[in-house]
Amino acid sequence: MPNSIHVTVNGVETPAQLDQTILQFLTESSIEIPHVCYHPALGAIETCDTCIVSVNGELVRSCSTKLKPGDRIDTISPDVKQSQTMAMDKILYNHELYCTVCDYNNGGCEVHNTVKAMKINHQSIPFDHKPYEEDNSHPFYRYDPDQCILCGRCVEACQDLQVTETLRIDWDRERPRVIWDDDVPINESSCVSCGHCSTVCPCNAMMEKGMVGEAGFLTGIAKQTLRPMIEITKGVETGYGSILAISDMESAMRDERIKKTKTVCTYCGVGCSFDVWTKDREILKVEPQMKAPANNISTCVKGKFGWSFVNSEERLTKPLIREGDSFREAEWEEALALIAGKFTEIKDKYGPQSMGFITSSKCTNEESYLMQKLARGVIGSNNVDNCSRYCQTPATVGLLRTVGHGGDSGSIKDIAMSELVIMIGTNTSESHPVLSTRIKRAQKLHGQKTIVADLRKHEMADRADLFIRPKPGSDIVWLSAVTKYIIDMGWADEDFIHEKVNGYDQFVASLQGFTLGYAEDQTGLSRETLIQIATAIYEAKTTCILWAMGVTQHIGGSDTSTAISNLLLVTGNHAKPGAGAYPLRGHNNVQGASDFGSAPANMPGYERVDDPVVRQKYEQAWGTSLPEQPGLNNHEMVEAIHDGKLKAMYLKGEDMGIVDSNINHVHSAFEKLDFFVVQDIFLTRTAEFADVVLPAAPSFEKEGTFTNTERRIQRLYQVFEPLGDSKPDWQIIMAVANRLGAGWNYEHPSEIMDEAAKLSPIYAGVTYERLEGYKSLQWPVAPDGTDSPVLYTEGFNFPDGKANLFPVKWSIPLQFPEEYDIHVNNGRLLEHFHEGNMTYKSKGISSKTPKVFLEVSPELAAERGLRDGTLVRLTSPFGSVKVECLITDRVQGKEVYLPMNDSGDAAINLLTSSEADKDTDTPAYKEINAKMEILRQEGVSPLPRINHRNGNPQPQIGVQVQKKWARKDYVFPGDLVKKGAEALWQKR
Amino acid sequence: MAKAIRSVQRIEITEEQKRQQDLEEVQNALIDSKDSILEVLQTLNHMQERGVLSLVSALFGQGDKVMDILVKKADTPETANTLKNLLLMVGVLGTLNVQQLEPILLKVNAGIARVADEKDSQEKTGIFDLMRSLRDPEINRSITLMLNFLKGMGQETESLERTTQLPENQLQHRTPNHQLK
């Protein structure tokens with residue numbers, strides 16, 4: 001090995017690797033070195049000094065010292081021990097050890113464990129209170145300065161990992177402390193509640209409020225009693241040894257009643273996994289783990305704190321049956337019998353094609369598989385779809401056309417290590433928060449360059465090295481022009497194209513019209529900007545392109561996605577680490593819902609239903625005959641209802657009546673259905689139209705797997721029993737199928753996965769054993785369990801192993817009559833999810849963001865006399881919304897932004913049309929214009945003052961430990977020891 | 001034509017039904033854990049006989065108040081010192097070598113017995129009696145023992161003290177594994 005060297009540890013020569021710090025090396029060699037501030041996700045912070053060792057006779061911090069050949073390392077000499085003890089003493093000066101009555105005494109407290117490991121029995125500098133109050137202002141976590149050891153982990157995480165840049169340590173005070181923004185209460189700062197700080201805090205200083213007073217046996221005691229108890233505990237201390245022994249016992253007892261369950265987040269497609277700590281049905285906290293493959297220790301506000309909906313009183317707990325003007329609660333028996341009877345009747349009368357099935361991208365892979373098996377194998381209809389139709393199907397098509405797999409080329413790690421990241425139509429830091437942190441970190445610390453193309457100046461745009469605002473719907477034009485310019489300049493990767501790509505000449509010819517001048521006219525971007533983009537791609541060794549709904553939800557969404565992949569092929573940015581195409585999947589299981597065949601033309605694994613060989617395989621396995629023709633997608637189902645062809649629908653976990661476009665049209669379709677079954681955890685807008693509503697169980701109440709945007713399959717485990725009479729979706733679908741004579745007999749979701757894996761080649765090697773705990777697999781997975789973190793390294797997914805350049809044209813966006821002069825952009829907010837069914841249930845989130853608002857530009861505000869809180873009506877040719885305005889320069893001119901988080905009068909899809917992507921029927925949500933009228937001019941801002949958007953971030957690199965070192969009262973313990981300053985030490 | 005509706009008629013459970021359900025649940029639980037329940041009942045009876053039950057009942061009934069009083073009472077230097085000494089004594093006990101101590105303790109016992117027997121003796125001992133006593137083998141053995149004890153007591157043991165010394169001055173922290181042996 002080129003990097004292998006030899007070093008001497010405590011007199012013994014040992015082999016080692018270069019590019020390691022001494023702390024990493026020693027820890028890996030099972031030599032325990034105390035350390036408190038070091039965290040594997042954050043690296044060396046250098047504040048605690050407890051990891052001091054002697055290297056070649058010099059006392060140094062092992063966390064930040066790189067290993068060199070021939071190093072002589074001493075970890076046991078009295079000097080080393082003395083330095084470490086002095087450092088720990090400084091920590092205990094800032095932290096009171098009352099472990100037994102501390103909520104953080106759960107075995108993971110680094111201060112406790114280090115004191116124990118170092119066998120420290122006393123401290124020479126006694127603990128001294130800091131002159132600050134606890135900050136309890138924030139709904140989700142609190143800061144206790146008195147317990148804060150000033151290690152700076154939270155600051156490091158906030159500044160350089162999450163990169164919200166809110167936290168700092170004010171080193172200039174007599175007693176330093178963590179401060180938010182320019183020293184305001186936590187809740188009034190720019191804090192986005194991502195929870196990183198409370199996750200990385202090594203002690204009880206920064207703690208989730210769910211834990212406070214709940215985790216320990218004695219910690220719920222009233223404050224007035226607690227203080228004397230702490231005093232006794234301290235008074236009794238004969239040395240920490242015996243105190244720690246008692247608190248260790250108490251901590252072990254906590255394991256009896258606190259349950260820790262690994263689960264996978266059900267918000268966006270990043271696929272964060274973490275442990276959920278619960279006591280009965282109470283959620284104490286969410287604790288992400290280093291071993292979580294997509295997120296490590298990262299979370300966003302929704303994943304960390306947005307789970308109260310699971311215990312909401314509004315949860316459905318019994319089946320509901322429509323009776324006259326209201327629903328009636330019923331038992332399962334009655335509901336299932338009714339469904340079976342109606343389904344059979346309708347199928348017999350109108351045929352299987354009169355029925356439609358819609359599965360959910362919130363549900364598990366196994367549930368998606370069962371839904372399509374029910375539709376195809378039991379009913380005999382290919383009318384099955386899922387909500388990826390509303391978002392990412394165009395991206396899948398673009399990739400299937402060019403490279404062969406409908407998924408991200410690599411992992412989030414590849415995005416982080418890429419030299420250039422281009423984001424098109426993706427509001428990444430709000431829609432895929434944890435993924436965006438990897439880009440922000442790489443940009444801030446490692447010189448990654450970013451280009452953002454968007455209408456709206458969101459956070460990623462604000463941070464971008466180049467931010468461009470092309471005219472709405474014109475991305476394909478500038479992408480093609482940049483591609484053409486790269487080819488014209490001779491910057492194309494000729495070797496790559498020659499070796500791995502088909503159709504080059506034809507493709508070059510198709511770009512003929514996309515000159516810089518043409519692009520300049522159509523997109524509004526200058527020639528210089530276009531050249532700048534082309535040059536950046538040419539100069540970067542690796543480029544990733546990320547895109548989302550801003551690209552796909554247009555009438556040419558598939559073509560623009562194709563153009564992105566074409567550009568990557570021309571520049572050789574496919575099939576290698578750190579590069580490729582990343583259509584960011586919006587829900588936790590958008591990827592999996594499609595992977596498992598909930599699509600009208602695809603069986604699981606994207607094998608076509610009209611391929612007789614494929615059909616035969618499934619017919620044999622299922623023992624039934626299957627319909628040959630591709631069925632209706634959900635857009636077509638709505639039309640078929642209006643045409644009187646579709647009579648019954650079974651829809652689960654999808655609030656189609658809010659999230660589909662042109663919902664007035666969708667609602668009137670629902671009203672025409674003969675029989676409508678909706679399965680959900682709440683009585684959603686869609687469920688209001690149902691004949692039978694079935695109570696489902698959310699992810700916390702079942703097992704299964706999800707597939708994230710990286711094609712990564714992960715297991716979730718059951719945290720709670722299903723609430724009331726609700727049931728996991730897979731059990732409900734099975735019950736419905738069996739009423740119809742299916743005879744299914746699955747006792748656990750793993751059996752469903754086993755069946756699917758046998759049939760679908762890309763999932764061939766997937767088993768629950770290989771996914772145990774935090775283990776994951778990225779498809780395609782070979783039968784022996786080998787997975788594929790980076791796609792196409794062995795060739796593209798076509799018979800000849802070559803990619804295809806696929807010529808595309810520009811579809812000019814929808815044009816509206818002049819009176820509709822406002823362009824209504826729409827999308828997500830960080831803290832709410834979709835129509836808000838789940839996130840509005842969180843009191844904490846709702847207190848800071850209680851309702852939706854319309855972002856209007858200062859220019860438009862000036863022109864129309866709009867203020868914060870002005871109530872306006874927007875009217876499109878398809879409907880109208882009423883919403884209050886918020887003036888912000890995130891939007892410009894006559895472009896407004898309406899987040900999709902409302903299911904009432906401000907629901908965006910009251911405005912949108914039924915126009916759709918010409919290739920996939922994905923609604924053109926982003927092509928909508930409206931006219932605006934003022935309903936009420938004066939009002940209160942819909943966004944409270946207490947909201948992170950009103951904060952005042954303070955960017956800096958890390959915790960700025962140099963400022964600590966420069967303090968008069970700081971001396972490096974190693975220097976003290978070296979000087980033999982025993983006397984000096986004793987005096988203090 | 002299925003219009004959107006929101007109202008839900010809940011299944012109303014009458015009080016009687018609810019009672020019946022709860023009763024069934026309790027019955028099942030009782031039957032499932034028959035053996036432990038019977039044993040607990042027996043224990044409870046014993047506790048009742050000895051009046052422990054009413055004590056415990058009062059204690060829990062006034063839990064917060066009692067806890068508060070207890071804790072505040074305990075939060076005095078004397079109590080803390082008692083607890084502290086207890087913990088310290090336990091630590092010191094752990095360092096005694098009982099095997100070596102046993103013969104000495106036996107001797108001390110014998111000495112005490114002898115003294116107890118003759119505590120009222122009016123006999124006086126002069127310097128010559130003392131010298132003569134040295135010839136008595138029993139006394140001579142005692143004296144030799146005591147001299148050795150004095151020698152041992154004079155040894156340097158500061159580095160072994162864990163309650164007064166800084167960790168870096170403690171012998172055990174100078175060994176690689178922080179153990180004394």
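Residues numbered from 1 in each chain as written. Chains lettered and ligands numbered in written order. Predicted model: local features only at pLDDT ≥ 70, side-chain atom pairs only at ≥ 80, totals over all residues.

### Thoughts on the overall build of chain B
How we decide: We count a stretch as a helix when DSSP gives it H or I for four or more residues in a row; a strand needs E for two or more, and each element gets its number in order from the N terminus. A residue is called partly exposed when the number of other C-beta atoms within 10 Å of its own lies between 12 and 20, exposed at 12 or fewer, and buried at 20 or more, with C-beta atoms placed from the backbone.
A tally of regular secondary structure across chain B gives eight helices and one strand. In chain B, the succession of helices and strands from N to C terminus is β-α-α-α-α-α-α-α-α. When the 181 residues of chain B are sorted by exposure, 2% land in the buried category.

### Quick word on the sheet that holds strand β4 (residues 58-61) of chain A
Residue and element names in this part refer to chain A. Keep this limit in mind: Here, any two strands with at least 2 DSSP bridges between them count as paired. Helix axes use the C-alpha atoms of the stretch in contact, all axes being lines fitted to C-alpha atoms, and the angles between their N-to-C directions lie in the range 0 to 180 degrees. Contact between two residues is assigned whenever their backbone-derived C-beta positions fall within 7 Å.
What the five strands build is an open sheet, ordered β2-β1-β5-β3-β4; its pairing is mixed. Each of the sheet's edge strands pairs with one partner strand only, and the pair in question is β2 (12-17) and β4. Between one strand and the next, the sheet's axes are offset by a mean angle of 40 degrees, whatever the strand orientation. Sheet topology note: the strand β3 (residues 52-55)/strand β5 (residues 72-74) ladder contains two bridges and is antiparallel. Each residue of the ladder has a partner; that of V55, found in β5, is I73. Contacting β3, β4 and β5, helix α2 (residues 78-93) runs over the sheet at an angle of about 155 degrees to β3.

### A word on helix α8 (residues 137-153) of chain B
Rules: Residue count minus one, scaled by 1.5 Å, sets the expected span of a helix.
Spanning 17 residues, α8 of chain B covers 24 Å between terminal C-alpha atoms, matching the ideal 24 Å at 1.5 Å per step. α8 of chain B sits mainly on the outside: zero of its 17 residues count as buried.

### So, the sheet that holds strand β1 (residues 8-9) of chain B
The sheet built from eight strands is open, its strands ordered β16(A)-β15(A)-β25(A)-β26(A)-β27(A)-β13(A)-β14(A)-β1(B) with mixed pairing. The two strands at the open ends of the sheet, each matched to only one other strand, are β16 (384-386) of chain A together with β1 of chain B. The sheet contact formed by strand β15 (residues 355-359) of chain A and β16 of chain A spans three bridges and is parallel. If you follow T359 of chain A over to β16 of chain A, its bridge partner there is N386 of chain A.

### A short note on the domain arrangement of chain A
All names here are of chain A. Note the cut-off: The start and end points of each domain follow an automatic or database-based domain assignment. Three classes are used, and their members are as follows: Ala, Val, Leu, Ile, Met, Phe, Trp, Tyr, Cys and Pro are nonpolar, Asp, Glu, Lys and Arg are charged, and the others, Gly among them, are polar.
Segmentation of chain A into domains returns domain 1 (4-256), domain 2 (320-388 + 589-784), domain 3 (392-583) and domain 4 (822-950). With centres defined by C-alpha atoms, the gap from domain 3 to domain 4 works out at 28 Å. With 22 residues of domain 3 at the contact, the number on the domain 4 side is 23 residues. Mapped onto the side of domain 3 that touches domain 4, the elements with two or more residues apiece are α11 (393-402), α13 (428-431), α21 (549-552) and α22 (557-570). Of the residues assigned to the side of domain 3 that touches domain 4, the class counts are seven nonpolar, twelve polar and three charged.

### Concerning the packing of helix α16 (residues 475-488) of chain A against α22 of chain A
Residues and elements named next belong to chain A. Put simply, the rule is: Convention used here: angles under 35 degrees read as roughly parallel, angles over 145 as roughly antiparallel, angles from 65 to 115 as roughly perpendicular, and any remaining angle as oblique. What makes a crossing left-handed is the near helix being turned counterclockwise from the far one by less than a right angle; a clockwise turn instead makes it right-handed.
It is the contact of α16 with α22, at a shortest axis distance of 9 Å, that shows an interaxial angle of 20 degrees. Compared by their axis directions, α16 and α22 come out roughly parallel. Crossing of α16 over α22 shows left-handed handedness. Contact residues: D475, I476, L479, S480, V482, T483, I486 and I487 in α16; D559, T560, A563, I564, N566, L567 and V570 in α22. Grouping the amino acids of the contact of α16 with α22 by side-chain chemistry returns nine nonpolar, four polar and two charged.

### Considering the UniProt feature "domain: 4Fe-4S His(Cys)3-ligated-type" (unreviewed entry) in chain A
Rule in force here: UniProt positions are given in the numbering used here, feature names are shortened, and annotations may be inferred rather than shown by experiment.
Under the present numbering, the feature "domain: 4Fe-4S His(Cys)3-ligated-type" (unreviewed entry) in UniProt falls on residues 79-119 of chain A. Secondary structure content for residues 79-119 of chain A is 56% helix and 0% strand, while the C-alpha to C-alpha distance between its ends is 16 Å.

### Considering the packing of α16 of chain A against helix α20 (residues 527-539) of chain A
Residues and elements named next belong to chain A. It is the contact of α16 with α20, at a shortest axis distance of 9 Å, that shows an interaxial angle of 60 degrees. As summarised for this structure, α16 and α20 are arranged oblique, according to the angle between their axes. Crossing hand, α16 versus α20: right-handed. The residues of α20 that touch α16, namely those facing W478, A481, V482, Y485 and I486, are L530, I531, I533, A534, I537 and Y538. Residue composition of the contact of α16 with α20, by class: eleven nonpolar, no polar and no charged.

### Details of the confidence of the model for chain B
Detail in the predicted coordinates should be disregarded across regions flagged by low pLDDT. Residues and elements named next belong to chain B. The line we're drawing: Per-residue confidence from the predictor is reported as pLDDT, a score between 0 and 100.
Summary statistics for chain B give a mean pLDDT of 78 and a share of 83% for residues scoring 70 or more. Across chain B, β1 holds the top mean pLDDT of 92, while helix α4 (residues 63-74) sits lowest at 71. Complex prediction metrics read pTM 0.89 and ipTM 0.76.

### Looking at the UniProt feature "domain: 4Fe-4S Mo/W bis-MGD-type" (unreviewed entry) in chain A
In this structure's numbering, the residues bearing the UniProt feature "domain: 4Fe-4S Mo/W bis-MGD-type" (unreviewed entry) are residues 258-314 of chain A. Strand forms 35% of residues 258-314 of chain A and helix 9%; the C-alpha atoms that close the span are 26 Å apart.

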